Structures are given as structure tokens and as C-alpha cells.
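A closer look at the structure
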Amino acid sequence: MTVKNLQIKDKVIVDRQDFQQLFDVLQQQEYELVGPTIVEGAIAYETISAVEDLPIGWTDEQDGGTYRLKPRSDQALFGYAVGPHSWKKYLFPPRLQLWKAERQGQEMKITTPEPEIPKRAFIGVRACELNAIAIQDQVFTQGEAVDSHYQTRRDRVFIVAVNCSQAGGTCFCVSMNTGPQAKMGFDLGVTEIIDGDQHYFVVEVGSESGAQVLSKIVYSYATEQQQQQAMEVVAATAKQMGRTMDTENIKELLYNNIEHSRWDDVANRCLTCANCTMVCPTCFCSTVEDTTDLTGDNAERWRHWDSCFTMDFSYLHGGSVRSSAKSRYRQWMTHKLASWMDQFGTSGCVGCGRCITWCPVGIDITAEVKAIQDSQPLRGS
Ligand code: SF4
Ligand code: SF4
């Protein structure tokens, strides 16, 4: 049964066999679909077109410095946690040309590329990732200077969120109050239910656009029991977190321990490779690079992701102000968990666990916080 007058917060059932219709309707509305798919042994976000492109029947095992896929015992479409990619690569591209210049005789012609930005539908955005997008929205669009590149891309996104049915080994969204349930910032919010031979999705309407898309596919209203089942899936996931972080007074803890010996300890392990910042869905640092060709007739200016772990990033007045691994790791973690609050009013960490999984030496932000907490006289006693 399909009813046309859907309202925000309505919850409906879409059967597994009808789920492709959601993809079809979005593509008919000229959305490019982006979602999880298997790429080189990991679940990454890429352009997809059909439900079969999702990692059906696969899950992941994650721990510090460890990630591997393994088959599930069912045919779940979303039965895994987040992988190395985040949605920021579509909203805040890793490389972006700002302008190019061409010598034409005695003149210099400067042009600004205006690429056509596609409408994109993000399929399978997790609760922690919705929070990360909200954080980047604030950084890029809610300050004095609005980043038009980000804003244009963001305005063209349709979000299909997915409530997590399984936590990853490095997840700690419950500690950061960012998951595992998607509560805001989506057009449609999906909970996947597999119960015996039943396989369906409880879909919550999150926006007018979501209602409009959903009205074009086959659905029925969710019963109380089905809604309860969806809530139980999320509640069970919340109990499976691979990691926890005690965030009470964390800002004061880090500000009061700038010279803690743990920073030397972590510096002995940290390779300053910057992986943690590349995979982090909230890290937003970039740099600008100018290039010229050998003729000297053409020049280009590019913006690309940078990291507080590189020496050059803090190069000021003839030297780097953060020349040691200790100072760079401390800067990163203290910014994420303390000074971000002063700067933007929220934590800079959503507990997705990527920085733990994708650190080649398995440095774990939750363990680093705990080590400093445990050393405090009142806490450790
Ligand atoms: S700091 Fe680590 S856990 Fe927190 S949001 Fe970034 S990648 Fe995720
Ligand atoms: S903490 Fe890990 S991922 Fe981050 S820079 Fe150090 S070694 Fe690389």
C-alpha cells in the first residue's frame, strides 16, 4: 500500500525487494548516488547505481591499526561500520583548483574554474557522520567567512541515513553522544531489519524532500511492533561499542596537562604520517599551492587537504612552531577534544574510530585520554 501524504517523522516499511526503487527515484531526480562499496579490500564511499553495488553480506573487523572484511551469515546491506572514507571528500574535496592564469602576449588572463557540481544522494550516512557533517557545516558556512565551494556542494546533497545495526571495534559514538541513532540532518533515516526470512527497512521521513522521494516508491506504514524492533536494533548497537571515552571535564583535563609525560610516550610511537587527520570526518585543515609549467606561461593555484602533523603546516617566520612529534600529536588531540569547544562550541570528535583503525601503529585516542585521566590524583585513587 502506498499513501501519498507523508509527514516528517512518519515511519514506513520498505521491503528489501523494493529498496532498489529508492535508488531509481533518486536517479530519476538526477541525483548521483554515492554510497558504501568494496574497493581494494575495504568499504569505501564511491559512486554507485544499484543496491547490488553495496557490500551485501559483508562486515568488517576493526581494531587499532587493523581493518579486514569478512562475510556475514546474512545478506545485510548495511551490516558494517564506517571505513576509511568519509563524506567530507565530496563536500570539502581533497584537491580543488582555485584559479589558473595564462600569459597571453603582454596580458595575463586569470580564470576561475566553475565545475558543474552534481546533485548527490549520500546513501548510508551513519549517525556519527551526520554529526561530523554538522560540525563541518559550522566550520565552513557559519562563521564570518563562508566557503562557497563547500556551501554549493552541501546545498545539493540528499541524505539517506542508516542507523547502525552493529558497532565497529573502534567505535565510541555513545561516549560522544553522536550515535548510533540518526536523530537529525537527514532526508530519510533507515533501519535495516533482518528477522528470520523477513528483510525490510523501517524508514523515517526527515524532510519534505525525503517525503517527496519516498512517496514515489512502494511502502506501508510501520506498525508499533516494527518501530519497536527498529529501536531495539539501535539499542543493541549502543551496547556493543568497541571503545569508550570519559568526556567529563575533558577540556580542563587537557588544558591542565600540556606538559604531561604521556605526550612523550605517544611521540615515541607516532610516525607523524597524518593518516588520522586524513580519515577524520571533521578535520578541515588545508593549504594552498601555486604551480607553474616549464614555459612560465601557465600558473595554477590549488587548495588541498593538509594536516597539523606535517612540519610545513605550522611553518611561520622561518621555522615550524610545532617541530616535534610530541607537539603535533598534542595539538591534534587537544584541538579535537578541548580547544574545538572554545572555537566552535562542540567537540571536534564524533567517536567514529577511524583515527584508531587507520593509524599504522594503532595509536588510540581513547587510550591516550584514559592514560592522562588515570594519572590524575583524584581520578586515579
Ligand atoms: S578524532 Fe578520530 S574518532 Fe574522533 S571524529 Fe576524528 S577520526 Fe573519528
Ligand atoms: S597518531 Fe597514528 S595516524 Fe596519526 S600521525 Fe601518528 S602514526 Fe600517523
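Just so you know, these numbers come straight off a predicted model, no measurement behind them.

If you tally the helices and strands in the protein chain, you get 14 helices and 16 strands. Taking 21 Å as the expected radius of gyration for a compact globule of 381 residues, we find that the protein chain reaches 23 Å, a close match to that expectation. Seen through its principal axes, the protein chain has C-alpha atoms that stretch 75 × 70 × 40 Å. A buried classification covers 51% of the 381 residues belonging to the protein chain. Entry remark: accessible area of the protein chain is about 18,000 Å², with carbon and sulfur atoms responsible for 48%.

Contacts to ligand 2 come from 13 residues, most closely from Cys 270, Leu 271, Cys 273, Cys 276 and Cys 359. When its residues are assigned to classes, the shell around ligand 2 shows eleven nonpolar, two polar and no charged.

Let us look at helix α3 (residues 127-141). If you check α3, its first and last C-alpha atoms are 21 Å apart, about what 15 residues at 1.5 Å a residue would give, namely 21 Å. Counting buried residues along α3, 13 of its 15 residues qualify, which places the element largely inside the surrounding structure.

With that out of the way, let us pick up the sheet that holds strand β14 (residues 298-305). The four strands are arranged β7-β6-β14-β13 in an open sheet whose pairing can be described as antiparallel. Edge positions in the open sheet fall to β7 (107-111) and β13 (286-292), since each of these has one partner strand only. Neighbour-to-neighbour, the strand axes of the sheet open up by a mean angle of 15°, direction not taken into account. Note: strand β6 (residues 95-104) against β14, seven bridges, orientation antiparallel. Residue Ala 101 lies in a different strand from β14, and its bridge partner there is Ala 299.

In the neighbourhood of ligand 1, the contacting residues comprise Phe 172, Cys 280, Pro 281, Trp 332, Lys 336, Cys 349, Val 350, Gly 351, Cys 352, Gly 353, Arg 354 and Cys 355. Contributions of two or more residues to the shell around ligand 1 are made by α11 (325-344) and α12 (354-357). Residues of the shell around ligand 1, tallied by class, amount to eight nonpolar, two polar and two charged.

What counts, and at which threshold
Residues numbered from 1 in each chain as written. Chains lettered and ligands numbered in written order. Predicted model: local features only at pLDDT ≥ 70, side-chain atom pairs only at ≥ 80, totals over all residues. Heavy atoms only, no water. Helix = DSSP H or I, 4+ residues; strand = E, 2+ residues; numbered from the N terminus. Rg over C-alpha atoms; globule rule 2.2 N^0.38 Å. Buried < 20%, exposed > 50% of the residue type's maximum accessible area, 1.4 Å probe, protein only. Areas by Shrake-Rupley, 256 points an atom, 1.4 Å probe, with all protein chains shown as cover. Near = heavy atom within 4 Å. Nonpolar A, V, L, I, M, F, W, Y, C, P; charged D, E, K, R; others polar. Expected span 1.5 Å × (residues − 1). Pairing = 2+ DSSP bridges. Axes fitted to C-alpha atoms, helices over the stretch in contact; angles between N-to-C directions.

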